[in-house]
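# Summary of structural features
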Amino acid sequence: MSRSAHPAGPRHADVMTEGHYTAPPADLNALDAKVWARTVTRDEDGAVTVGGIEVTRLAEEFGTPAYFLDESDFRARCRAWADAFGRDADVFYAGKAFLSRAVVRWLKEEGLNLDVCSGGELTCALDAGMPAERIAFHGNNKTVEEIERAVTVGVGRIVLDSFQEIARVAHIAQQLGKRQRVQIRVTVGVEAHTHEFIATAHEDQKFGIALAGGQAAEAVRRALTLDGLELIGIHSHIGSQIFDMAGFEVSARRVVQLLAEVRDEHGVELPEIDLGGGLGIAYTSEDDPREPHEIAKALGDIVTRECEAAGLATPRISVEPGRAIVGPTAFTLYEVGTIKPLEGLRTYVSVDGGMSDNIRTALYDAEYSVVLASRTSDAEPMLVRVVGKHCESGDIVVKDAFLPSDLAPGDLIAVPATGAYCRSMASNYNHALRPPVVAVRDGEARVIVRRETEEDLLRLDVG
Ligand SMILES: *Cc1c(COP(=O)(O)O)cnc(C)c1O
């Protein structure tokens, strides 16, 4: 993480924090459009609203903590990606960011494809009616049962991740009398995170088959000889929360080089390349993500240029945004329970959720912002850390933020940009009940994933 810290304002200059320290925003009541779903605003009473509904009403009806997802924003982002990439490319939504049957239906209606990486995600996708040919199956250790099911239902592609899997999928497909469309996932020696990318020595991780040392070329050689497989292309995914296109540039160049080698050796031009996902979103006002049309143009230009240089026809491109579609569309609403000012340090604000509904801060040192959502306030800013109710001091939702100093128990606060990797990574730690996801659209709110109940917990515990 290379985000630079802003100098502290004079009132807070003596405050030392281990996190990133930012000066208070000019207006604590303002909602920075960058980090909020498109329909989020404040009404005349000062309450935050989404899809025209005040959070105070939403909290009454659905309780807290809860995720509120702006359906029209989700659909608009799907369309923006589909339009940006056009007819000569395919957009696969990465289901692991957040998947539910409602989401699958929206994707289907908006013309997107879907990445899954487990039998559970595949079941959800098929149950909600996603055509199998629009599904890609990923993962570094798919079980035999998962592969059998994927091949049987006829998923559009399986992305092969190891030499064993090449043989395994080929064998299963052959036994089932099928020829499965596959891509080979390669590691291009590039790893990108946020504002940095590193272009050496990143073969040291579990995914894919290294281009280095001719391993990927060997994988292609094997796949081309196996009757059960139809090799349609090469896949690469270089990281997450990426803002800098330089990593994709190196990745695309190396993948195209492999296509040229394959043509030279086998006389085969593989028709597709998949450049993965990982496009960054704004979690705080300091992040500046690119728009889908800029990303599509940048990637298209890179691939076209590299293919021209290699004398190859431009392959069909696919991309796999997860976070960039769902991340900005939802926020988490919490109720403030206790407020503990620590003299000379900061004020700890405890909410009714925590690491069970947002593990990203603890897991990745992720940054989030927060606002007082049930009302506005003109009180002075106070430096806060928003923490959960779990038995863990690392149970932090927002490391450093400013909230009005008249904050009181019972106030509702909202953390934006929690649509991706929050509900999907939620846990039952401390027997917490995982929060619902409520879709809001045009003045109507409906639960798409309901809140867990204590009965749900006991049902799994068979005594
Ligand atoms: C996780 C993942 C994605 C999506 O990543 P985002 O950061 O959500 O865009 C896409 N493709 C693959 C193979 C992944 O593992």
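Residues numbered from 1 in each chain as written. Predicted model: local features only at pLDDT ≥ 70, side-chain atom pairs only at ≥ 80, totals over all residues. Heavy atoms only, no water.

Attention now goes to the sheet that holds strand β2 (residues 48-50). The strand order across the open sheet formed by 3 strands is β1-β2-β3, and the pairing between neighbours is antiparallel. Whereas interior strands pair on both sides, the edge strands pair on one side only; in this sheet they are β1 (41-42) and β3 (53-54). As paired elements, β2 and β3 share 2 bridges and run antiparallel to each other. The partner of V50 across the bridge, within β3, is I53. (Pairing = 2+ DSSP bridges. Helix = DSSP H or I, 4+ residues; strand = E, 2+ residues; numbered from the N terminus.)

A word on empty space enclosed by the protein. Counted under the stated rule, the structure contains 2 cavities of 30 Å³ or more. Each pocket or cavity is described by its volume, and for the largest cavity that value is around 40 Å³. Lining the largest cavity, in full, are Y67, L69, F98, A330, T418, G419, C422, R423 and V437. The residue makeup of the lining of the largest cavity, split by class, is 6 nonpolar, 2 polar and 1 charged. Approximately 30 Å³ is the volume found for the second largest cavity. Lining the second largest cavity are I242, F243, M245, L279, G280, R290 and I295. Tallied by class, residues from the lining of the second largest cavity come to 5 nonpolar, 1 polar and 1 charged. (1 Å grid on protein atoms, 1.4 Å probe; cavity = no way out; pocket = protein on both sides within 12 Å on 5 of 7 lines; lining within 4 Å. Points joined across faces, edges and corners; volume = space filled by probe spheres on them. Nonpolar A, V, L, I, M, F, W, Y, C, P; charged D, E, K, R; others polar.)

Taken as a whole and assessed by the stated rule, the structure comprises 7 aromatic pairs. The interplanar angle of 40 degrees and the centroid separation of 5.9 Å between the aromatic rings of F68 and F331 together place this pair among those described as tilted. With F68 in strand β4 (residues 66-70) and F331 in strand β17 (residues 330-342), the pair connects residues that are 263 residues apart, well separated along the chain. An identical accessibility class is assigned to F68 and F331; each is buried. (Phe/Tyr/Trp six-rings, centres within 6.5 Å; stacked < 30°, edge-to-face > 60°. Buried < 20%, exposed > 50% of the residue type's maximum accessible area, 1.4 Å probe, protein only.)

A few words now on the pairing of β17. Bridge count for β4 against β17 is 4 bridges, and the pairing is antiparallel. For Y67, the partnering residue across the bridge sits in β17 and is T332. Two strands pair when backbone bridges link them, and β17 and strand β22 (residues 412-416) are joined in this way by 5 bridges, in the antiparallel orientation. In the strand pairing of β22, L333 is matched with A414. Sheet analysis places β17 next to strand β18 (residues 346-351), joined by 6 bridges and oriented antiparallel. Following the sheet pairing, V336 is matched in β18 by V351. Between the antiparallel neighbours β17 and β18 lie 3 residues, among them G344 with a positive phi of about 75 degrees.

Two side chains carrying opposite charge are able to pair once their charged atoms lie near each other. For the coordinates displayed, the defined rule picks out 31 salt bridges. Here E249 ties to R305 by a salt bridge, and the two come within 3.0 Å at their closest N and O atoms. Of this pair, E249 sits in helix α8 (residues 246-266) while R305 sits in helix α9 (residues 292-310), placing them 56 residues apart in sequence. Overall, the relative accessible area of 27% leaves E249 in the partly exposed class. Taken together, the shared-partner salt bridges connect E71, R75, R79, E109, E110, R441 and D442 into one network. (Salt bridge = Lys/Arg side-chain N within 4 Å of Asp/Glu carboxyl O.)

For the rest of this paragraph, the subject is the nonpolar core. Formed by 112 residues in total, the largest nonpolar core has its most connected members in F74, Y93, I184 and I413. The element contributing the most residues to this core is α8, with 9 residues. Shared between two domains, this core holds at least three residues of each, these being domain 1 (15-70 + 328-460) and domain 2 (138-321). (Core = buried A, V, L, I, M, F, W, Y, C linked by side-chain atoms within 4.5 Å. Domains from an automatic or database assignment.)

Nonpolar side chains collect at one region of the surface, where L363, Y364 and M425 lie side by side and expose about 270 Å² of accessible area between them. Given a relative accessible area of 30%, M425 falls into the partly exposed group. (Patch = residues over 30% accessible without salt bridge, like charges linked within 9 Å, V, L, I, M, F, W, Y side chains within 5 Å. Areas by Shrake-Rupley, 256 points an atom, 1.4 Å probe, with all protein chains shown as cover.)

Attention now goes to the site of the ligand. K96, G278, E320, R323 and Y421 are the nearest of the 16 residues found near the ligand. Between an oxygen atom of the ligand and a side-chain N or O atom of K96, the distance comes to 2.7 Å. Within the backbone of G278, one N or O atom sits 2.8 Å away from an oxygen atom of the ligand. Isolated, the ligand exposes 390 Å² of accessible area, and the fraction of that covered by the protein chains is 91%. Classifying every residue of the shell around the ligand gives 4 nonpolar, 7 polar and 5 charged. (Near = heavy atom within 4 Å. Polar contact = N/O pair within 3.5 Å; in protein donor to acceptor, adjacent residues only side chain to side chain.)

Between T64 and P65 the backbone carries a cis peptide bond, its omega angle lying at -10 degrees. Within the secondary structure, P65 sits in the loop between α1 (55-62) and β4. Even without being a glycine, Y421 presents a positive backbone phi close to 60 degrees. Mapped onto the elements of the fold, Y421 is located in the loop between β22 and β23 (437-441). Under the relative-accessibility criterion, Y421 is labelled buried at 11%. At H431, a position not held by glycine, the phi torsion is positive, near 55 degrees. Along the chain, H431 falls in the loop between β22 and β23.

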